[in-house]
Amino acid sequence: MNIEDSKFSDKNEEDQKTLSPFLEEEEKEDEAEYQLEEELADSGKMGNKVTSEGAGDKSESSIESLEHWSDVNNIGATKYADRISVLALYRNLNRLNNVAKEKELVVQKIRDELTTCQLRIKMLEKQLEYVDIEIQKEKEADNVAALFRLQAVHRRLCTELEDEKDFELKIALMLKENMLEMWRIETEQGKYEVLHKKLQKDEEELETQYQEKAEAWIRKEKIAALQAEENQLSRKKKEEEVQKEYEERHKKMLEGAKKNHEKAVCFLRKSMARIHEENAKEEVKTQEHMEKRIQAVLSLKNSITSNREKLQALQAWNKAMAFEAKKEELKRREAILAEGGNVAKEIFLHKRLLQHEREKQAFREQQKSRKIEIVSRILQEKASICKQKNRQSCSKASKSGGKLKDSLLWRKKTWHYIEKSCKHPAGAISQLRCSPAEEQADGERTAFVGDDVLCESVEDEKEKDETLVEPEFPGLWSQECDLHKVPSEDKDTKQLALSVVKREIFEKKMEDFQTTVSHKQIVSGHEPKGRTFYSKPSYVHFKDFDVGKIYKKKIVLTNASYSVNFCRLVGISEWLKDFITIQFEPPGKMSPGMSCEVGVTFKPAIDENLEGEVMFMAQTGSFSVPLKCTAKTCILALDKVLIDFGTRVVGETISRTINLTNTGALGTRFKVQASAGDSSTCRATAKSSPGNTALKAQFKLSEQLTQGALSFRSDLDTDNAHNLMEPSPEETSHEIMLGKVTEGEIGPFSSVKLQIIFVPAIPGAVRAEFVIVFDNSDCKPLCFSAIGVSVDVPVWVPNPNIDLKICMYDRLYQDCVVIQSRAKATLRLKFEVCKELSKHMELLPKTGYIQAQSSFTVQLKFLPRHSLPQDAGSYFNEETSVLEAPVTILIADKTKQVNFTVHAIVTTSELEISPAEIDFGYCTIYEAVQTNVTLTNKSILPQEFGFVELPEFVEIQPNDGFSVLLPLESLTLDIIFKANKAKEYSFELTCKSESNRRFKLSCRAVGVHPPLELSHSLVQFAATALNDVSTATLYVMNSHVSVNHITHAVPRIGNGEVAPVGPTSFEFYVPEDCPVTVMPSVGTVLPGKKSLIQVSFRPTLSDQLIREEAARRLCRAAATGAEIQKKKKDEKREGKKLNVPITRQQSSRQFVRDGSSKYLSSSSSSEQPESEEIKPDSEGYMAAQAFLMRNFRGRFEKYIIPCFVASGNIDEKRGSENLTCSPCNTLYLELHCPAVAPSVVVTSDNGKNIVNFGDVAVGHTIIQRVTIQNISSEKLELGFSVLNPGGPFLLVRPVRILEPGDNKALIISFSPNENKWFFEALDIRTAQKNLTLSISGRGVMPSIVCSVEEVLDMGYVLAREKTTSTFEIQNTSTLTLRYSIQLDSLSPTRNKDQQRLPSFLTSSLQRTEIVGTQNYSGLSVFSIFPTQGEIVAGKSQDFVVTFSPDHESLYYSDRLKVVLFGKKTAHVIQLKGAAREHPMFVEGGIPLDVPIESLAVMLPVSSQEALKEELQEPVKSILLVLEHIEGENSLVPAKTELRVGAIRTAQFASKKNVEFSFDNLSLLQKKGFTVEFVKGTVDRGQVKFIGVSWVPPADLDTTDPVIETALLTLKGDVKESYRIICMAKVVSACAPSN
C-alpha cells in the first residue's frame, strides 16, 4: 500500500468517526418515529385518539414542535393521513438539515487537506531547487561523497513530490463530489422551504393557544387559593375555640387538685399522730423483748453448765458400750473360727439382722404417729361437716313470682365461650398450672399459679434480703384513709388534676432533654427510623412486691442504629427516686448491635402501685424504658354475674356452679349469702300474661336486673357489707338456694366453685340475688343473680338454646332440634322463623306431628350471608358478632307458644398480612435476605393457610409457608429472598386460606451482582481447643473481565451501570471482640485473578469471665478466713467466760453487743472484691483462668464478617485518598466457631502458653522448663512441630507419651546470634487437639558508655604515696550486664611476653608493649575497685582507680580492659602515671632520657651521696623544638611551652613553695628566643605554664637549625637543674614537619 492510499484510508476512517454520532442519531430518530407511527395507528383504530409522547433522543425544538403539532391535530380534528404526512415531513427536514451540516463539515475538512497538500508541494519544490544548487556547487568542488548524498536526497524529494501531486488530484476529485452532493442537498432544502414556513406558522398558533390555556388555569388556581385561605381562617377559629375550652378544663383540674391536696394534708396529720403512738408502743415492746432475751441467754448458760457433766458421763458410757461391743465381736469371731465357719459372712449377716430390727422398730413408731394424725384429721372433718349442715339448715331461699326472658344470660354465656376459645397463643394470658384438687372441709378448690409469677417470685427470694422496713406514713394507706376510694363526684376532677401534673413533669423533662444536642445518623444515605436503642425486656415490671424487701432486675440496651452510638443515664421519674436505684456504667461508644446492661434495684417502702420510666440520652436523641411496680393485691372476680337456669319443668332439680377466682397474690376469707336488700324478687305466673308479652317482659326485666346488679356491685362499699350479710327469711327464695360451700378461705392465685341449686315448684319466673363478702376491707363485695323459669306446657324443647357456636359467612351449618311432648294425644306443630332472618335460616319440615309422650326432630339450616348485620336488625350485635334468633313453635288448637332461641357467633374468614408490602432492598446474588411478615387470623376460628405458586427465588419458613392459625392468633413468617441475577424484582406472593380465599403480598427487591465473589461464604471450623488455632483458606475472586452483558452476567446494582473492568479492592471488617483473624484483611484483585485469604480462629476465655471467677474465689477464701477467725475468737471468749462469771445484766448486754459488732466486722471483711480491681498478672487471676480452662464445657458461636468492595487499586489511593465503596456490593462471610476444652494444658508459670526468654546477650544460651499436664481421661501420644533449624530456639527434651493426669517438663533453649527479636510457635499435637506455645526472646548486643574514652592520666605522685581517680560505666543496653575488670600487668600470659627481647633493644616502630614501669615490690601499680559484678539495664557503676608507685619513674602505665560475660572486651583504657621523690616536676618538650628502666634494682642512696649529686652537673635534658613557617606573616612567632609544677602532699605541707629561674637567657635572646617568665614560684598542687617563642632574625641562615641551651633551676626541698635545649628552624608552608 502506498502513502496516498494509507492517508486516504485514514481520512475515510476519520470521516466515519465524525459521522458516526450523526448516523446514530438518525437511527434513533427512525426508531422513535416508527414507534410514533405505531402509536398513531393504534389511536386511529380506537377512535382517532392521538398520544403525543416524545420521540426518543431528538433535539428540544423538534420535540416541542411535534407536541404542538399533535395538539393542533387534536384541536382541529385532522385526519390520520395528514398526521402521518406531517411526521414524515419533519423527519425528512431534520434528516436533510443533519446531512447538510455533515457535508459542510466534510467539505471543509477536504479543503483544509487540499491547502496543506499544496503547501507541502511548494515546500518540496523549494527544497528541490536548493538541492540542485548544492549539487552544482559540489560538482564544481569535486566532492564525490557529498555529491552522492545530495543526489539521493534529490531522488527522495522527487518521489515525494510526485506522490503529493497524485494525492492532490484525489483530494480535488473528492472535493468536487462532495460539493455536488452538498448542492443537491441545498436544492432539496429549497423544495421544502414553503412547507417549513407553513409549519412555523402552525407552531406560532399553537403557542397562542397554550398561552390562553395557561391563563385560564392560573385563574382557576387563584380561585382555589382564595377558597383555601377561607378554609384556613375557619380552622383557626375552631382551634381558638378548642383552646378556650381546654383552658377552662385546665382551671377546673387545678381547682380539683387543690381540693385533693387539702384532703391529703388532713390525712397526713392523722397518720403522723398515729405513727407517733405506734412508735411509742413499739419502743416499749422492744425493751420488754430485750429483757426477755437477756433472761433467756442467762438461763441458757446455766443449762449448758449443768448439762456438761451429764454429757461427759453419757460419752463415757458410750465408750464403754463400744468397748464391750468390740469384745463381743472378738468372742464371736473366735467362736466362728473354732467352729470352722466363714467369719466375714457371719459378722455381715449379724449386722444386717440388727439393722433390720432397728428398721422394724422405727416403722412401728411411724405407723403409730400416722394413725394418730389420721384420727385427728377425721375428727376435724366431722366437726367441719356438722358446722356446714347447721349453716345450710339456717339459710333459706326467698321465692317470688314472674317470668323472665333469658336472652341477656345467653349473651354472657357467649362471651364466656369466646374468652375460652380465643385465648392468645403467644402467651398474652398467663398459662395456668393447676394443682390436683383436694377435698377439704370448706369445699372444692382449684389452686392455680401462673408460671411467670412463680418463677419471678423464686428469683426475687434468692436475690432480695428481708428487712424490717415499714412505710413511712402508714396512715395514708390504711383502711380508713384510702385515697383511692374517691367519691364519684370527685373522680373526674382528680383524674384531670393528676393528668395535668404528669403533663407538666413530662414537659419539664422534655425541656431538659432538648438542652442536649442530638445528631441525626445518616449512614450510606439512609436515616434510621424508629428507636436507636432497644431494651430487653421492653419494660421493667416488679410484680407482687412486699414492703421492706429488695428486688433487682437487669435491662439489656442494644444499639439498633446504623453506626456507632452512645447512651447515658438521664434519670428516672420524680416520684420513683425514693424507691428505685439505677446501676449503670456508661459503656462509651457502642458499635451497631452491641449491648450494655443496666441494673434496676427496687426497695419498696410503701404498699402502693407505682409507674414511671427510666430515661436515657443517646447521640440521636432521648429514649426511655417504662417501669411498673404492682403490690400484692387480692383481685377477686366471678366468671359470671348471671346464672340462667333456663326454662325448666316444675319438679326438676338443676344445679349450676359459679367460679370465684382470685388472680392476686393475697388471700382472704369469703362468705356467700342471699342479699338482704333483695326487694325486687318477683314471680309472674303463666296465666298473667300470654307467651310473647311474657318473653318480652322477661327480657326487659333481666336486663334491668343485670344492670342493677352491676351498678350495685360497683357502688357497694365495706361500710354496708354487714347489712348485706343478714338476709331476711321472708324475702329469700326457696326455689333457688346455695349449695354446700357458703364460706371458706380463698388463697392467692386460686379459685373456688360455688354451687347454686334450682328446684322449680310453681310455674313462672324466679330470681334470687346473692352477695359474697370478704374479710379483706379492700375487696368490695361481689354480687350475682340467679334466674330461672318454670313452665307447665305439653310441649317443650329440652335444649331451648340452640348454640351453633362460631360460624363463618357463606358457609352452611346444620343442627337437629329435638322437641318433647308430655301430652297424651298427637299434636300438630308449625315452625316459624322471624322475617328478618328468613334469608339466612330455615327449619325443615315447616309443619309436623308429634306423637303422644314422644319426641320430634327438626333440621335447622343456617347459611349466614354478608348482609346478615343489615337484615337481622336488633337480633344481631355488630360489636360482639353474636346472633340471637328467636324461633316459635305454634301448637294447633293452643294459644300458648313454645319458643327457643338459636345462638351463633358469626365471624369473618379474613387473614391480615402485615406489612402489606415488602421491600427487601439490595441483595447480592451470593446471599439471601430474610424479613418477617406477621399473618393474623381475624376470625375467631382456626384457619389453615398456605403460600402457593411461589417463585423459585423466594422461600417461606416455617413449614414452607403452610400452617394453621388459631383464633385471633398472629404468626411470624420468615420470607427468604435470594436473587439469581442483577435486576429489579417486583412480584406478588399469594396466601390461600382453607376457605379458598386468596390474599396478596407485594414484594420488591434489587438484585446486586458484586464485582468480587467469595469462594466460600460459610466456613465451619473444626472443634478448636482453647488457646489453639484453627485455620481455613478461601479465595476472593475477580471474574469481571468484560462489560459485555450478552455473553455473561456482569457486575451491577440492579439495572444500573456495569462496574468498570479493572483492579478491585476489598476489606474485611472484623469486630474487636471477635476471636477471628483474617489475613490479609485488605487487598486488591486484578481481573481474572483471585486472592488467597486465610481465616484463623483462636478461642480464648473472656477477660470479664476470668475476673468474675477470680472475684468469687477471693470472696470464698475471705469468707473461710473470716469463719476461722470467728471460731478462734469464740473459743477465746468461751475460755474467758469460764473464769469470769457474769453477775449483772449490764455485763450480759455488753457481751451481746461485742459479739454482734465482731460478727459484723468479720462479715464486712468478707465482702466480694470488684472484678475490675483484679490485675491480669495476679495469682488469683491466673488460678481462675486455670480453673475455668479445666472446667470448660465448650461453646458454639457464629460470626458474620462483612467484606467491603470498591473499584480501584488500594495501593495507588493509599497516599492521596480513600476508595469509595457502595454498601450494596458488600459480601458477607459466615463463620461457625465451636470451642472445646483442651486435652493438654500448661501448669508452669501460672498456666501461661507464652514462653518468654526476655533479653539474652548475643552468643549466650538460656534454658527454660515448661511443664504440661494431661487433663483428659485418655492416654495421649504427643507430637511436636519442627522449629526453625537455623533459628535460636531448640527443643532439647520432648515428651512422647502423656498418661491421664501426668505432668512432664519440656526443655527449650534459646541462643540468639543477632541483635533482634525472635518469635516462633511450637505446636504440641495430639490426636484431636493441639496446644500452641508461643516462644519469644530477644537477642541483645551488650553496649556500655565509659566516662573515660582512651587514656586515664593519674598525674604526678610522690613515690610511696597514693592517689585515686573515678570513672563511670553506664549500661546502655536493655539487659543486666555481668562484667569483670582486667589489667594487662596481671595477665597470666605476661610471663611469656617478658621472655622476648626488651623493648628498649628494639626500634620505636616495633615497640608494642603497653605495660610500663612496675613496682619493685611486685604489687600492681594500678588497682581497680570493684573488679567484677553486674550493671542493671539503664544504670551505671562507678570504678575507683588507685595509683600507688613505690619508686620514682615517669613511665608508669598499664592497660585496663572491661570484659562482659567473661568473653567480650567492651572497652579499653590506657592508665598512665608518674612518681617523683621530690614534690616538683617539669613537663614539656621532648625528654631525652630512656623510658625503659634497668632490670637491676637500685639501692637507696645515702644523704652524703645525695648532697654530692646536687653539686654535680644536671643530668636531665629537655628539648624544645620551634618551627617558624616561611611565607606567612613574619611577625607571628613560633611558640611552645614548659610546665613547672608542685605536687600537693602532706609530707611537705610545712615547706615553702617551689621556685624556678632561668640562666643564660642572653644567648637565647640574641638568637631570637623569648621566655615568658624568667623566674617565679609555684604553689603546692599548682602548675605554672612558661611560654617560649622564637622569631627568626633577619640575618638568619635558614639552611641550618638554630640550637641554644639554657639552664632551668628548681628550688624546693632540694635543688634541681634542667638543661633546656632550644632548637628552632624555618620550614616552608608546604613542607611537612618532622
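Because the structure is predicted, anything quoted here is derived from the model rather than measured. (Residues numbered from 1 in each chain as written. Predicted model: local features only at pLDDT ≥ 70, side-chain atom pairs only at ≥ 80, totals over all residues. Heavy atoms only, no water.)

> Please explain the overall build of the chain as it appears in this structure.
Scanning the chain for helices and strands turns up 19 helices and 79 strands. Among the 1634 residues that make up the chain, the fraction classed as buried is 35%. (Helix = DSSP H or I, 4+ residues; strand = E, 2+ residues; numbered from the N terminus. Buried < 20%, exposed > 50% of the residue type's maximum accessible area, 1.4 Å probe, protein only.)

> Would you mind showing me how to read unusual backbone geometry here?
Backbone geometry follows two general trends: most residues other than glycine have a negative phi, and most peptide bonds adopt the trans configuration. Geometrically, the link from Q957 to P958 is a cis peptide bond, its omega value of 5° lying close to zero. Tracing the sequence through the fold places P958 in the loop between β35 (954-957) and β36 (962-965). For the peptide bond that leads from F1425 to P1426, omega is -5°, which places it in the cis range. Examined against the element boundaries, P1426 turns out to sit in the loop between β65 (1422-1425) and β66 (1428-1431). In this structure, Q853 takes a positive phi of about 50° despite not being glycine.

> Got a minute to help me understand the pattern of salt bridges in this structure?
Oppositely charged side chains may form a pair once their charged atoms are brought near each other. Counted according to the given criterion, the structure contains 29 salt bridges. Between R1112 and E1109 there is a salt bridge, with the nearest N and O atoms lying 2.8 Å from each other. Of this pair, R1112 and E1109 both sit in helix α13 (residues 1103-1139), 3 residues apart, roughly one helical turn. Look at R1112 and you get partly exposed, because its relative accessible area is 36%. E1314 is paired through a salt bridge with K1316; the nearest N and O atoms lie 3.8 Å apart. (Salt bridge = Lys/Arg side-chain N within 4 Å of Asp/Glu carboxyl O.)

> Is there a simple way to explain a negative patch on the surface in this structure?
Negative charge collects at one region of the surface, where E239, E240, E241, E245, E247 and E248 lie side by side. The residue E239 is located in helix α5 (residues 193-339) in this model. Overall, the relative accessible area of 54% leaves E239 in the exposed class. (Patch = residues over 30% accessible without salt bridge, like charges linked within 9 Å, V, L, I, M, F, W, Y side chains within 5 Å. Areas by Shrake-Rupley, 256 points an atom, 1.4 Å probe, with all protein chains shown as cover. Lys, Arg positive; Asp, Glu negative; His and termini not counted. Charge placed at Lys NZ, Arg CZ, Asp CG, Glu CD.)

> Explain the packing of aromatic side chains here, please?
The geometry of an aromatic ring pair comes down to the distance between the two centres and the angle between the two planes. Within the structure shown, the criterion is met by 29 aromatic pairs. For the ring pair F616 and F623, a centre distance of 5.4 Å and an interplane angle of 15° mean the geometry is stacked. A relative accessible area of 1% means that F616 is categorised as buried. By relative accessible area, which is 9% here, F623 ends up buried. Their ring planes at 20° and their centres at 6.1 Å tell us that F977 and F987 sit as a pair that is stacked. Within this pair, whereas F977 is found in strand β37 (residues 970-977), its partner F987 is found in strand β38 (residues 984-993), the two being separated by 10 residues in sequence. (Phe/Tyr/Trp six-rings, centres within 6.5 Å; stacked < 30°, edge-to-face > 60°.)

> Hey, could you run me through helix α15 (residues 1179-1190) in this one?
Along an α-helix, residues three or four positions apart point the same way, because every turn accommodates 3.6 residues. For α15, spanning 12 residues, the distance from its first C-alpha to its last is 17 Å, which sits close to the expected 16 Å at 1.5 Å a residue. Those residues of α15 lying buried are Y1181, M1182, A1184, L1188 and M1189. All buried residues of α15 lie within an arc of 165° about the axis, which places them on one face of the element. (Expected span 1.5 Å × (residues − 1). Arc of directions from axis to C-beta.)

> Got a minute to help me understand the pairing of strand β58 (residues 1303-1310) in this structure?
With respect to burial, β58 is a largely interior element, 6 of its 8 residues being buried. Pairing analysis gives 8 bridges linking strand β53 (residues 1262-1270) to β58, with the strands arranged antiparallel. The residue bridging T1267 from the neighbouring strand is A1305, located in β58. As judged from the 4 bridges shared by strand β56 (residues 1289-1293) and β58, these two strands associate in the antiparallel manner. Each residue of the ladder has a partner; that of L1290, found in β58, is S1309. (Pairing = 2+ DSSP bridges.)

> How do you make sense of the sheet that holds strand β46 (residues 1076-1079) when you look at a structure like this?
Taken together, 4 strands build an open sheet; the order of strands is β40-β43-β48-β46 and the sheet is antiparallel. Taken across any chain shown, the strands that pair with only one partner, and hence form the sheet edges, are β40 (1013-1014) and β46. Sheet topology note: the β46/strand β48 (residues 1090-1097) ladder contains 4 bridges and is antiparallel. Residue pairing for β48: M1079 is matched across the bridge by Q1094.

> Quick question: what am I supposed to make of the confidence of the model for the chain here?
Close inspection of predicted coordinates is inappropriate in any region flagged by low pLDDT. Across the chain, the average pLDDT comes to 77, with 76% of residues at 70 or higher. Of the regions scoring below 50 in pLDDT, residues 396-408 engages in 71 contacts with residues more than four places distant in sequence or in other chains. (pLDDT = per-residue confidence, 0-100. Contact = heavy atoms within 4.5 Å.)

> Would you take a moment to explain the environment of F1204 for this structure?
Its place among the elements puts F1204 in strand β49 (residues 1195-1207). Spatially, the C-alpha atoms of F1204 and L1227 are 6.5 Å apart, while their sequence positions differ by 23 residues.

> When you look at a positive patch on the surface in this model, what are you seeing that I'm missing?
On the surface, K360, R364, K368 and K371 cluster together into a patch of positive charge. Tracing the backbone shows K360 in helix α6 (residues 343-394). The exposure class of K360 is partly exposed, given its relative accessible area of 33%.

> How do you make sense of the sheet that holds strand β72 (residues 1516-1525) when you look at a structure like this?
Consider a sheet: its strands pair through backbone hydrogen bonds, and that pairing is either parallel or antiparallel. Here we have 6 strands laid out as an open sheet, ordered β71-β72-β79-β78-β74-β76, and mixed in their pairing. Since the sheet does not close on itself, it has two edges, and those belong to β71 (1486-1487) and β76 (1575-1578), each with one partner. Across 4 bridges, the pairing between strand β74 (residues 1554-1559) and β76 is antiparallel. When the bridges of β76 are listed, S1557 appears paired with K1575.

> What exactly am I supposed to notice about the nonpolar core here?
A general trend in soluble globular proteins is that nonpolar side chains are found buried together. The biggest cluster of nonpolar side chains holds 38 residues, and the ones touching the most others in it are F1068, V1076, V1095 and L1231. When contributions to this core are tallied by element, the ones reaching two or more residues are β43 (1030-1037), β45 (1064-1068), β46, β48, α13, α15, β49 and β50 (1227-1236). With 5 residues, the top contributor of residues to this core is β50. Filtering out sequence-adjacent residues up to four positions away, F1068 remains in contact with L1014, V1036, V1078, P1080, S1081, I1093, I1201, P1202, C1203 and L1229. (Core = buried A, V, L, I, M, F, W, Y, C linked by side-chain atoms within 4.5 Å.)

> Would you mind going over the environment of L754 with me for this structure?
On the secondary structure map, L754 appears in strand β18 (residues 750-758). Taking the relative accessible area as the measure of exposure, L754 reaches 2% and is therefore buried. Separated by 98 residues in sequence, L754 and R656 place their C-alpha atoms 8.4 Å apart. Leave out the neighbours within four places in its chain, and L754 touches R656, T657, I658, F670, V672, V741 and I772.

> What is the right way to look at the environment of I1271 in this model?
Relative to the elements of secondary structure, I1271 occurs in the loop between β53 and β54 (1276-1277). Between the alpha carbons of I1271 and N1303 there is a distance of 9.5 Å; along the sequence they are 32 residues apart. In contact with I1271, other than residues within four places in its own chain, are R1190, P1238, S1239 and V1241.

> Looking at this model, I keep getting lost on the side chain of T936. Mind explaining?
As for its position among the elements, T936 is in strand β33 (residues 929-937). Among the residues examined, T936 registers a relative accessible area of 14% and is labelled buried. Engagement of the side chain of T936 in a polar contact is seen with the side chain of S970, the distance being 3.0 Å. Contacts of T936, omitting those with residues within four sequence positions, involve E910, L911, E912, L965, E969 and S970. (Polar contact = N/O pair within 3.5 Å; in protein donor to acceptor, adjacent residues only side chain to side chain.)

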